[in-house]
Amino acid sequence: MAKTIRIRAKAKGDTTTVKALITHPMETGQRKNKKTGKKIPAHFIQEVVCKHNGATVMTAQWGPAISKNPYLSFQFTGGKAGDTIELSWVDNKGQSDSASVKVR
Amino acid sequence: MLRRTFLKGSLATGTVAVAVSAGLLSPRLVLAAWPKAAFEAKSVQAGLSSLLGSDTTTPSTDINIKAPDIAENGAVVPVTVSTGLSGVESIAVFVEKNTSPLAGNFLLGERAKGYVSTRLKMRKTSNVIAVVKSGGKLLSARKEVKVTIGGCGG
């Protein structure tokens, strides 16, 4: 798979804000193909894990109601510039991707 | 080198996808921790009790949901949940009138702040409900979002 994650992390004072954009179709399994009338099978991200210097700070469990090409943002304390943030996702078809970035 | 790994990667995912579509490999088995029943629940109450073990929540003014009053496109509704509460363990986001109301559950580690932001699909005008688990208690807040074009199905 091509690169699917765009991630940025910025430290301000004690708080580090992580923002990520993932490229993913997020099919709900309820949409129909207009030509064939068949349902498009569900294909969505189930779990996103975000680690700071190897320790998990946030785990998101997602259903198909998260928008296509999901955006995610959260904050945590204790990060500083130069730290490594790693984000990975797994979808319901077993596909996955991960990316890491340095905190600015 | 990059192109090689790219090829390998796409081949590997390709075989997985084939195995899944052939029914050889149930995709649900890959992630054991994912709360399938909660995500498939048809009501907020059922989703809540399946996910968090209880369907009673206490309304709280310490939870702030930032979402548009009117969303023109139900496929992309930006929602931000923030709370000043300490010891937040998880934040669950429900869209009351979606086919499956539970949209996402964010498990927050010790150092994570009570703040998550994402974008949701909404089928029609509905309440967005945030349920924060903090110190063993379930606290909730809701906000109505009017949707002009639904975002599930089409």
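These notes cover the structure that comes with them.

Per the secondary structure count, chain A includes zero helices and seven strands. Along the chain direction, N to C, the helices and strands of chain A fall in the order β-β-β-β-β-β-β. Here chain A holds 104 residues, and 49% of them are scored as buried. Of the contacts made within chain A by residues no fewer than 6 positions apart, 55% connect residues no fewer than 24 positions apart. Carbon together with sulfur atoms contributes 49% to the accessible area of chain A, which is approximately 5,000 Å² in total.

A few words now on the sheet that holds strand S2 (residues 15-22) of chain A. Read from one edge to the other, the open sheet built from six strands follows the order S1(A)-S2(A)-S5(A)-S7(B)-S4(B)-S2(B), with strand pairing classed as antiparallel. A strand with exactly one partner marks an edge of an open sheet, and here the two such strands are strand S1 (5-12) of chain A together with strand S2 (63-66) of chain B. Put simply, the sheet's adjacent strands are angled 15° from each other on average, direction ignored. The pairing of S1 of chain A with S2 of chain A spans eight bridges and is classified as antiparallel. From the neighbouring strand, isoleucine 7 of chain A faces S2 of chain A, where its bridge partner is alanine 20 of chain A.

Now for unusual backbone geometry. All names here are of chain A. The backbone of methionine 26 shows a phi angle near 50°, a positive value even though the residue is not glycine. Relative to the assigned elements, methionine 26 resides in the loop between S2 and strand S3 (45-52). Unusually for a residue other than glycine, asparagine 53 sits at a positive phi of about 50°. Counting through the fold element by element, asparagine 53 comes out in the loop between S3 and strand S4 (55-62). Relative accessible area serves as the criterion here: at 47%, asparagine 53 is assigned to the partly exposed category.

Let's shift gears to the environment of valine 103 of chain A. Residues and elements named next belong to chain A. Locating valine 103 in the fold gives a position in the segment after strand S7 (96-102). Classification of valine 103 by relative accessible area gives buried; the value is 4%. Separated by 92 residues in the primary sequence, valine 103 and alanine 11 place their C-alpha atoms 6.5 Å from one another. If we ignore the near neighbours within four places in the chain, the residues touching valine 103 are Ala9, Lys10, Ala11, Thr16, Lys80, Ala81, Gly82, Asp83 and Ile85.

A word on the interface of chain A and chain B. Counting residues at the interface gives 39 residues for chain A, matched by 39 residues for chain B. Between chain A and chain B, a total of about 3,400 Å² is buried, with carbon and sulfur atoms accounting for 54% of that surface. When the area that chain A buries against chain B is broken down by residue, the three leading residues are Gln61, Ala65 and Gln75 of chain A, summing to 19%. Between chain A and chain B we count 17 residue pairs in polar contact (both at pLDDT 80 or more) in total. Those elements that place two or more of their residues in the side of chain A that touches chain B are S2, S3, S4 and strand S5 (71-77) of chain A. Judged from the five bridges that link them, S4 of chain A and strand S6 (residues 102-108) of chain B form a sheet pairing that is antiparallel. Considered in S6 of chain B, the bridge of tryptophan 62 of chain A is made with glycine 104 of chain B.

So, on to the pairing of S5 of chain A. In terms of burial, S5 of chain A is largely enclosed, as five of its seven residues are buried. Two elements, S2 of chain A and S5 of chain A, share seven bridges in a ladder whose sense is antiparallel. Bridge pairing in S5 of chain A places threonine 15 of chain A opposite threonine 77 of chain A. As defined by bridge partners, S5 of chain A adjoins strand S7 (residues 112-120) of chain B across four bridges and the pair is classed as antiparallel. When the sheet's bridge partners are listed, phenylalanine 76 of chain A is paired in S7 of chain B with alanine 112 of chain B.

Take a positive patch on the surface next. Residues and elements named next belong to chain A. Taken together, the side chains of Lys3, Arg6, Arg8, Lys10, Lys12, Lys19 and Arg104 define a basic patch exposed on the protein surface. It is S1 that provides the largest number of residues to the positive patch, a total of four residues. Relative to the helices and strands, lysine 12 resides in strand S1.

Conventions we followed
- Residues numbered from 1 in each chain as written.
- Chains lettered and ligands numbered in written order.
- Predicted model: local features only at pLDDT ≥ 70, side-chain atom pairs only at ≥ 80, totals over all residues.
- Heavy atoms only, no water.
- Helix = DSSP H or I, 4+ residues; strand = E, 2+ residues; numbered from the N terminus.
- Buried < 20%, exposed > 50% of the residue type's maximum accessible area, 1.4 Å probe, protein only.
- Contact = heavy atoms within 4.5 Å.
- Areas by Shrake-Rupley, 256 points an atom, 1.4 Å probe, with all protein chains shown as cover.
- Pairing = 2+ DSSP bridges.
- Axes fitted to C-alpha atoms, helices over the stretch in contact; angles between N-to-C directions.
- Buried area = accessible area lost by both parts, 1.4 Å probe.
- Polar contact = N/O pair within 3.5 Å; in protein donor to acceptor, adjacent residues only side chain to side chain.
- Patch = residues over 30% accessible without salt bridge, like charges linked within 9 Å, V, L, I, M, F, W, Y side chains within 5 Å.
- Salt bridge = Lys/Arg side-chain N within 4 Å of Asp/Glu carboxyl O.
- Lys, Arg positive; Asp, Glu negative; His and termini not counted.
- Charge placed at Lys NZ, Arg CZ, Asp CG, Glu CD.

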